[in-house]
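Each chain, written out:
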Amino acid sequence: MSLTTSTKFAQPLPLNTTSSRSKEHKLLFEPFRTNTFLGSTHKLRCFNSLSKSNLHRRSAIVAVSDVVKEKKSKSSTNLLITKEEGLELYEDMVLGRAFEDMCAQMYYRGKMFGFVHLYNGQEAVSTGFIKLLKQEDSVASTYRDHVHSLSKGVSARAVMSELFGKATGCCRGQGGSMHMFSKEHNVLGGFAFIGEGIPVATGAAFSSKYRREVLKEADCDHVTVAFFGDGTCNNGQFFECLNMAALWKLPIVFVVENNLWAIGMSHVRATSDPEIWKKGPAFGMPGVHVDGMDVLKVREVAKEAIGRARRGEGPTLVECETYRFRGHSLADPDELRDPAEKAHYAARDPITALKRYMIDNNLVTEQELKTIEKKIDEVVEDAVEFADESPHPPRSQLLENVFADPKGFGIGPDGRYRCEDPKFTQGTAHV
Amino acid sequence: MLGIIRQKVGAGGASLLRTRSAVSALRSYSSAGKEMTVRDALNSALDEEMSADPKVFLMGEEVGEYQGAYKISKGLLEKYGPERVLDTPITEAGFTGIGVGAAYHGLRPVVEFMTFNFSMQAIDHIINSAAKSNYMSAGQISVPIVFRGPNGAAAGVGAQHSHCYASWYASCPGLKVLTPYSSEDARGLLKAAIRDPDPVVFLENELLYGESFPISAEVLDSSFCLPIGKAKIEREGKDVTITAFSKMVGYALKAAEILAKEGISAEVINLRTIRPLDRSTINASVRKTNRLITVEEGFPQHGVGAEICTSVVEESFGYLDAPVERITGADVPMPYAANLERLAVPQVEDIVRAAKRACYRSVPLAAAA
C-alpha cells in the first residue's frame, strides 16, 4: 500500500500550490512580479490572494497517506505509542540534545576542532526514523551526523572520542565530526559534500536487493535510510538517485530534513518549487510531507515508508519540516534568520512536545522522564570524561588504513597479501 | 557526444567481428601461437570473474543491451542477466556513488565509464567516497570496486574527450591505478583489480581495444592474475631506460627497435601500475643504464613522468649520466585538427630523438626542433 499515489499529488501548475510557503518571503518574490522572464504574470498573481496571517510555513502534515490519517483519527482512543516506545523515543531525543549541547561546550573549550554541525531541534527526525530500524539496516548521513550515529546505536563514548580526535573514537580519530562510520551499526558515514551520501545510500539499498535476488539470500530485507537537507534537493545527485531508486524499486527511504536554511540561503530563495515532497511523485514514488517537529507524526510516516521498502515495494521520499536551533555550524554567526522565525520553532521543541503528549495521555510521570534526563546527563558526562582520558592516536597510525590491503600491492595466488611475501620486493620485475 | 561515440562503436564493432572468430577458434583449440585483442582480453577477464564470484557485477551506460559502447561487455548481459549487467541512465555521479555504496556492503562492482572523461562528473565519489572511506572509517569500511573505461587521447574527438587521467588519480592515496598495455596486461590486471579489496582505477585505451597481441596458455588460464604494483620489463637493454604505460608502451618498443638499428640498446619498462608505482624496478633499471626517458600522453606538469624523475633523483641521482627527459602530451587542451592533434601527443620519433640526446648521439633539443 502506498502512502500517496503519484497521481494524487501531481500538480501541473506548481506555482499555484506553493503559495502558502512562498508568502512568508513575500519580499523576496517581489522582483519576480514584474519580471517577464517567467512568461505569464497571471499565475504569479495568486501570491496576492494569499492569507496575510500565514506568517510561517504550515507545520501540520500536508500530505500523508490515508492510512496515517486514519490512525490519527483513531488516536483519541488508541495512542500512537506504548509507554516503552515513548520512553525509548524520549531517551534518544534527550541524548541527541544533551550530546550536542555538550559538543558546543567542548568546542568552545577547544576540545574539538574544525567544523562541528549540531542537530539541536531536528531530533524528532533522527529518532522518528532510526529507532524503527534493525541493526542490519543502514543509515547514510551528512556532515550533521552525530545524532544519527547515536540513534543508530553507536555509543556516546565512541562518538565523543571521535570528536576529540582520540584513538578510542568510532573511527580512531581518522574520521572526525563530519565522518562518522560504524560497520557494526551500519552507519555508512557522514558525508561532507552536499548530495554525496545519497548515491552511496542508494548503493547500499541496491546491495540489499542484489543479495536477495542474485545471491539468493532470501531473508535479506535490509532497508537504507538516507538523510539530507533541503539544500541538497537542488543538487543533481538527488534527482539522479530518485530516478534510479524508483526505476529499480530499491529498499530506501529518502528523508529530507528541511530545516528551511542551507547555511544562510533560505529554502524558498533557492528552490523554484519549495515543496520538496512533490518531487517523489514526479519519479513515480510516494512523496510525503510531515511535521518534523513531531516525533510521533514522523514515526507514523517512517513506519509506512520503511515497511514499504522492506516489503520490496520501492522507495519513498519524505520531507520533514524541521528547524535547527543553532547556526549552521559552531562557526556560523547565524545572523540571517529572523528572530521571530527562530522563536516560532523554538516554541515547537520536539522534546517538549513529546513530553507533553506522554504526560497528557498518562503514559508516563514527570518523575520517570526526570530519571531519563538524569541518566542521559551521566552518559554524556561519562562520554566526555572517557574521551578526555583516551589516548591520542599513536604516530604509527598515520599510515594505516589507506588500503584494506596493507601496502596496496594486491593479493597473491596463495590468497595472501603480496606485501607479506618477502620476495615481492626482491628480484627482477619479470612476471 | 553520442554521435561520436556511436560512430566509433560502429568501427569497434566491426573490428570485434573480425577478432571474435579468432578468439572462439583459440578457445576451442589450445594450440600455440595464439593472439587475442585487448577487447577480448578484457571481455574474457570480466566474464571469468563474474562467473567465479556472484558478488561481481557490471554497471554503466550502455553496458547491457547495447553490449558496451566499445563492446567490452559483449555477451555478458545474455550470460548473467540484467541484475548483474546493469544499464544505467546517463548519471555518472549517481551510478558511481551507487557502485561505491554497494561496495561498502561487500559487493564487487565494476563501474564502466563510457570514457574516463566522463568520470569527471563522478570524481567526487571516486576520491571522496571510495578512496578515503577505508581510512576515514579506520579500516571498518573497505571499498572493493573497479572503475574502468577508456582513458587518454582517442582520435579526432577534441579536448573534452582526449585527456589522460593517470596522474590525477595516481596522486590520490587510497586508489590503485592500473594501466594495461597488451592483452596479457588487460587480462591479468583486470582480474587482479576485481579481486582486489580496494578501489582500483583501471585506465584502458580506446585505440588499443582492437589491437591483437600474442598470448600464452598461462595467460589464458582462468586463474591467471598479475600483481598490482609491479612493472614489466618489456625489452631489456643497457644504454637508456624508457618508461611508458598504456599505448605509449607500444611507441616505446617501436622506438627501441629503431634505436637498436643505430646501436643504442634501450630498456623499455611497461609500468602497468601507476599507483603504487614500482619505484624499485625503475631505479634498478636506471642504475644499470644511467639514462632515463619517461613517456606519457598526459600533460607535463605534475605528470607521471615528473613523479618518476623525482624518484630517480631521490634514489639514484649519483647514477645518472645525462639529464632525464620527459616526453609528454603538449601542455594544451587537445586540438581537433588532425595535424595539430598529432603534434600534441608523443610520437615514436620524439622518443627516438630524446633517447639519442640522452646518449649524446644527436644535436641539442633546440636544433632538433
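Described in the following lines is the structure provided in the data block.

This part is about the overall build of chain A. Each helix and strand in chain A was counted, giving 18 helices and eight strands. With 431 residues in all, chain A has 55% of them scored as buried. Of the roughly 18200 Å² of accessible surface on chain A, 55% is carried by carbon and sulfur atoms.

For the rest of this paragraph, the subject is the overall build of chain B. Within chain B, the secondary structure is distributed over 15 helices and 14 strands. The proportion of buried residues among the 369 residues of chain B is 65%. Partitioning the intrachain contacts of chain B with sequence separation of at least 6 by distance along the chain shows that 79% fall at a separation of at least 24. Entry remark: accessible area of chain B is about 13100 Å², with carbon and sulfur atoms responsible for 54%.

What follows covers the pattern of salt bridges. Under the definition given, this model contains 49 salt bridges over all chains. Asp-388 of chain A is the partner of Lys-111 of chain A in a salt bridge, and the nearest nitrogen-oxygen pair spans 2.9 Å. With Lys-111 of chain A in the loop between α7 (83-108) and α8 (123-130) and Asp-388 of chain A in helix α18 (residues 366-389), this residue pair connects regions lying 277 residues apart in the sequence. Residue Lys-111 of chain A is classed as partly exposed on the basis of its relative accessible area of 29%. Judged by its relative accessible area of 39%, Asp-388 of chain A is partly exposed. Close ionic contact of Asp-221 of chain A with Lys-134 of chain A constitutes a salt bridge, the shortest N to O distance being 2.9 Å. On the criterion of sequence distance, the pair formed by Asp-221 of chain A in the loop between α11 (197-213) and β3 (224-229) and Lys-134 of chain A in the loop between α8 and β1 (138-141) is long-range, its members being 87 residues apart. With a relative accessible area of 33%, Lys-134 of chain A lands in the partly exposed category. Each of the salt bridges in this network shares a partner with another, and the network as a whole consists of Glu-48, Glu-49, Arg-187, Lys-191 and Arg-195 of chain B.

It is worth spelling out the sheet that holds strand β2 (residues 187-190) of chain A at this point. Residue and element names in this part refer to chain A. With parallel pairing, six strands are arranged side by side in an open sheet as β2-β1-β3-β4-β8-β7. Here the strands that pair on one side only, and so sit at the sheet edges, are β2 and β7 (287-291). This sheet shows a mean twist of 15° between the axes of neighbouring strands, independent of strand direction. As judged from the six bridges shared by β3 and strand β4 (residues 252-258), these two strands associate in the parallel manner. By the bridge assignment, Ala-226 is partnered in β4 with Phe-254. Along the sheet, helix α12 (residues 236-247) makes contact with β3, β4 and β8 (316-321), crossing β4 at roughly 150°.

Moving on, we come to the pairing of β1 of chain A. All names here are of chain A. Residues Ser-138 and Ala-140 of β1 are buried on one face, and the alternating residues Val-139 and Ser-141, pointing to the opposite face, are buried as well. Across two bridges, the pairing between β1 and β2 is parallel. Residue pairing for β2: Ser-141 is matched across the bridge by Gly-190.

To summarise the sheet geometry, strands pair through backbone hydrogen bonds and adopt either a parallel or an antiparallel arrangement. Residues and elements named next belong to chain B. Spatial strand order, β3-β2-β4-β5-β7-β6-β12: seven strands in an open sheet with mixed pairing. With one partner strand each, in any of the chains shown, β3 (85-87) and β12 (273-275) form the two edges of the open sheet. The average undirected angle you get between the axes of adjacent strands in this sheet is 20°. Packing against the sheet, helix α8 (residues 183-195) makes contact with β2 (56-60), β4 (108-112), β5 (146-150), β6 (176-178) and β7 (200-204), and its axis sits at approximately 160° to β7.

Regular strands have side chains that alternate between both faces of the sheet. Residues and elements named next belong to chain A. Buried residues dominate β8, accounting for six of its six residues. What you see with β8 is no split at all: Thr-316, Val-318 and Cys-320 on one side and Leu-317, Glu-319 and Glu-321 on the other are buried throughout. Inspection of the sheet shows β4 paired to β8 by six bridges, in the parallel sense. The residue of β8 that forms the bridge with Glu-257 is Cys-320. Taken together, the five bridges between β7 and β8 define a ladder with parallel strand orientation. Across the sheet, His-289 pairs through a bridge with Glu-319, a residue of β8. Handedness of the β7-helix α15 (residues 295-310)-β8 crossover: right-handed.

What follows deals with the interface of chain A and chain B. In many reports, interface size means the accessible area that the parts give up when they come together. Residue-level contacts link 54 residues of chain A with 61 residues of chain B. Interface area, chain A with chain B, both sides summed: about 4600 Å², of which 65% is carbon and sulfur. There are one salt bridge connecting chain A and chain B. For Lys-176 of chain B, the salt bridge is made with Asp-405 of chain A, and the minimal N-O distance between the two is 2.8 Å. Elements with a minimum of two residues in the side of chain A that touches chain B: β2, α11 and α12 of chain A. For the side of chain A that touches chain B, the leading source of residues is α11 of chain A, giving nine residues. Residues belonging to the side of chain A that touches chain B are distributed by class as follows: 28 nonpolar, 18 polar and eight charged.

Turning our attention to the environment of Glu-65 of chain B. By the secondary structure assignment, Glu-65 of chain B is in the loop between β2 and α3 (76-80). Separated by 21 residues in sequence, Glu-65 of chain B and Leu-86 of chain B have C-alpha atoms that sit 9.2 Å apart.

Time to look at the packing of aromatic side chains. For the coordinates displayed, the defined rule picks out 19 aromatic pairs over all chains. Judged by centre distance (6.3 Å) and plane angle (15°), the ring pair of Phe-113 of chain B and Phe-147 of chain B falls under stacked. Remark: Phe-147 of chain B occurs in strand β5 and Phe-113 of chain B occurs in the loop between β4 and α5 (123-131); sequence separation between them is 34 residues. Residues Phe-113 of chain B and Phe-147 of chain B agree in their burial class; the two are buried. For Lys-71 of chain B, the ring lying beneath its charged end belongs to Tyr-66 of chain B, and the centroid distance is 4.3 Å. For Lys-176 of chain B, the ring lying beneath its charged end belongs to Phe-403 of chain A, and the centroid distance is 4.9 Å.

If you look at the biggest cluster of nonpolar residues, it comprises 124 residues, and the most contacted ones within it are Phe-206 and Phe-254 of chain A together with Phe-147 of chain B. Among the elements that make up this core, the one with the highest residue count is α7 of chain A (13 residues). By size, the runner-up hydrophobic cluster in this structure holds 64 residues, among which are Val-56, Ala-192, Ile-242 and Val-295 of chain B.

A few words on a negative patch on the surface. A contiguous patch of negative charge, built from Asp-377, Glu-381, Glu-385 and Glu-389 of chain A, is present on the exposed surface. Locating Glu-389 of chain A in the fold gives a position in helix α18.

Glancing now at the side chain of Glu-123 of chain A. Residues and elements named next belong to chain A. Along the chain, the position of Glu-123 falls in helix α8. Classification of Glu-123 as buried rests on a relative accessible area of 1%. A polar contact of 2.6 Å, which involves the side chain of Glu-123, links it to the side chain of Arg-97. Apart from the residues within four sequence positions on either side, Glu-123 is in contact with Met-93, Gly-96, Arg-97, Gly-128, Pro-350 and Ile-351.

Bringing helix α10 (residues 156-164) of chain A into the picture now. Extensive coverage of α10 of chain A is indicated by the burial of eight of its nine residues. Among all positions of α10 of chain A, only Ala-156, Ala-158, Val-159, Met-160, Ser-161, Glu-162, Leu-163 and Phe-164 of chain A are buried.

The peptide bond linking Arg-275 of chain B to Pro-276 of chain B adopts the cis configuration, its omega dihedral lying at -5°. On the secondary structure map, Pro-276 of chain B appears in the loop between β12 and α11 (279-289). Phi angles above zero are rare outside glycine, and Leu-260 of chain A is one such case at about 75°. Within the fold, Leu-260 of chain A resides in the loop between β4 and β5 (261-262).

Each value, and the rule that gives it
Residues numbered from 1 in each chain as written. Chains lettered and ligands numbered in written order. Predicted model: local features only at pLDDT ≥ 70, side-chain atom pairs only at ≥ 80, totals over all residues. Heavy atoms only, no water. Helix = DSSP H or I, 4+ residues; strand = E, 2+ residues; numbered from the N terminus. Buried < 20%, exposed > 50% of the residue type's maximum accessible area, 1.4 Å probe, protein only. Areas by Shrake-Rupley, 256 points an atom, 1.4 Å probe, with all protein chains shown as cover. Contact = heavy atoms within 4.5 Å. Salt bridge = Lys/Arg side-chain N within 4 Å of Asp/Glu carboxyl O. Pairing = 2+ DSSP bridges. Axes fitted to C-alpha atoms, helices over the stretch in contact; angles between N-to-C directions. Right-handed = clockwise from strand over helix to strand, strands pointing away. Buried area = accessible area lost by both parts, 1.4 Å probe. Nonpolar A, V, L, I, M, F, W, Y, C, P; charged D, E, K, R; others polar. Phe/Tyr/Trp six-rings, centres within 6.5 Å; stacked < 30°, edge-to-face > 60°. Lys NZ or Arg CZ within 6 Å of the ring centre and 35° of its normal. Core = buried A, V, L, I, M, F, W, Y, C linked by side-chain atoms within 4.5 Å. Patch = residues over 30% accessible without salt bridge, like charges linked within 9 Å, V, L, I, M, F, W, Y side chains within 5 Å. Lys, Arg positive; Asp, Glu negative; His and termini not counted. Charge placed at Lys NZ, Arg CZ, Asp CG, Glu CD. Polar contact = N/O pair within 3.5 Å; in protein donor to acceptor, adjacent residues only side chain to side chain.

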